Amino acid sequence: QVQLVESGGGLVQAGGSLRLSCAASKSIFSMNAMGWYRQGPGKQRELVAAITRTTTTNYADSVKGRFTISRDIYTNTVYLQMYRLQPEDTAVYYCAADQPGIRSWGQGTQVTVSS
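Below is a summary of the structure that appears in this document. (Residues numbered from 1 in each chain as written. Predicted model: local features only at pLDDT ≥ 70, side-chain atom pairs only at ≥ 80, totals over all residues. Heavy atoms only, no water.)

## Focus: the overall build of the chain
This is how the line gets drawn: Helix and strand definitions here come from DSSP, where helices need a minimum of 4 consecutive H or I residues and strands a minimum of 2 consecutive E residues; each element is numbered from the N-terminal end. Whether a residue is buried, partly exposed or exposed follows from its accessible area with a 1.4 Å probe, protein chains only, as a fraction of its type maximum: under 20%, in between, or over 50%, in that order. Residue contacts are defined here by distance: any two heavy atoms, one from each residue, within 4.5 Å place the two residues in contact. Using a 1.4 Å probe, accessible areas were evaluated by the Shrake-Rupley method; residue-level cover was limited to the displayed protein chains. Charged residues are defined here as Lys and Arg on the positive side and Asp and Glu on the negative side; His and the ends of the chain fall outside this count. A charged residue contributes its charge at one atom only: NZ of Lys, CZ of Arg, CG of Asp or CD of Glu.
Counting its regular elements, the chain contains zero helices and eleven strands. Beginning at the N terminus, the succession of helices and strands in the chain can be written as β-β-β-β-β-β-β-β-β-β-β. Counting only C-alpha atoms and orienting by the principal axes, one finds that the chain spans roughly 40 × 25 × 25 Å. Looking at the chain as a whole, 43% of its 115 residues qualify as buried. Partitioning the contacts of the chain with sequence separation of at least 6, the portion at a separation of at least 24 is 54%. Summing over all exposed atoms, the chain offers an accessible surface of approximately 6,100 Å²; the carbon and sulfur share of this is 49%. Side chains of the chain carry 11 positive and 7 negative charges; the gap between the two charge centres is 4 Å.

As structure tokens, this is what we get:
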């Protein structure tokens, strides 16, 4: 089990940017993968971006070219850099960690984009 704490959410205008951080209580290098999910109003939770142990990445089509996921294995932190935010990006963003047989979730951070 790993504890995950997200930060960096807030209120921004359309076209703005935010950087989300996810601090993990264990080595993220030991994880199979880490990622960011989001759940917007009236929507199901969806994968936004993921990064594997070998640093390969995957993005939802809706954010490709605007969002970047990265990690710092020294500080056990995963980031989501978000550019050119749109109102459709409004959601609670959750950090997730995949260990063998275990999925861990953070409590989420709110991102609100105004038009």
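Alright, that's what it looks like, and here's the rest.
## Details of the pairing of strand β8 (residues 77–82)
Residues in a regular strand project their side chains so that they alternate between the two faces of the sheet. Threshold: Pairs of strands are assigned from DSSP output, requiring at least two bridges between the strands.
Here β8 lies mainly inside the structure; six of its six residues are buried. Of the two faces of β8, the one holding T77, Y79 and Q81 and the one holding V78, L80 and M82 are both buried throughout. Bridge count between strand β3 (residues 18–24) and β8: six bridges; the pairing is antiparallel. From the neighbouring strand, L20 faces β8, where its bridge partner is L80. Pairing between strand β7 (residues 67–72) and β8: six bridges, direction antiparallel. When the bridges of β8 are listed, D72 appears paired with T77. Hairpin connection between β7 and β8: a loop of four residues separates the two successive antiparallel strands, and N76 in this loop has a positive phi of roughly 55°.

## A few points about the packing of aromatic side chains
The relation between two aromatic rings is expressed through the spacing of the ring centres and the mutual angle of the planes. For the record, the criterion: Pairing of aromatic side chains requires ring centres within 6.5 Å, counting the rings of Phe and Tyr and the six-membered ring of Trp. Pairs whose planes differ by under 30 degrees are stacked, by over 60 edge-to-face, and all others tilted.
Taken as a whole, this structure holds two aromatic pairs when the rule is applied. Judged by centre distance (5.0 Å) and plane angle (65°), the rings of Y37 and W105 are edge-to-face. Remark: W105 occurs in strand β10 (residues 102–105) and Y37 occurs in strand β4 (residues 33–39); sequence separation between them is 68 residues. Under the relative-accessibility criterion, Y37 is labelled buried at 16%. For W105, a relative accessible area of 35% puts it in the partly exposed group. Considering the side-chain rings of Y94 and W105, the 6.5 Å spacing of their centres and the 90° angle between planes classify their relative orientation as edge-to-face. One end of the pair, Y94, is in strand β9 (residues 91–99); the other, W105, is in strand β10, and eleven residues separate them in sequence.

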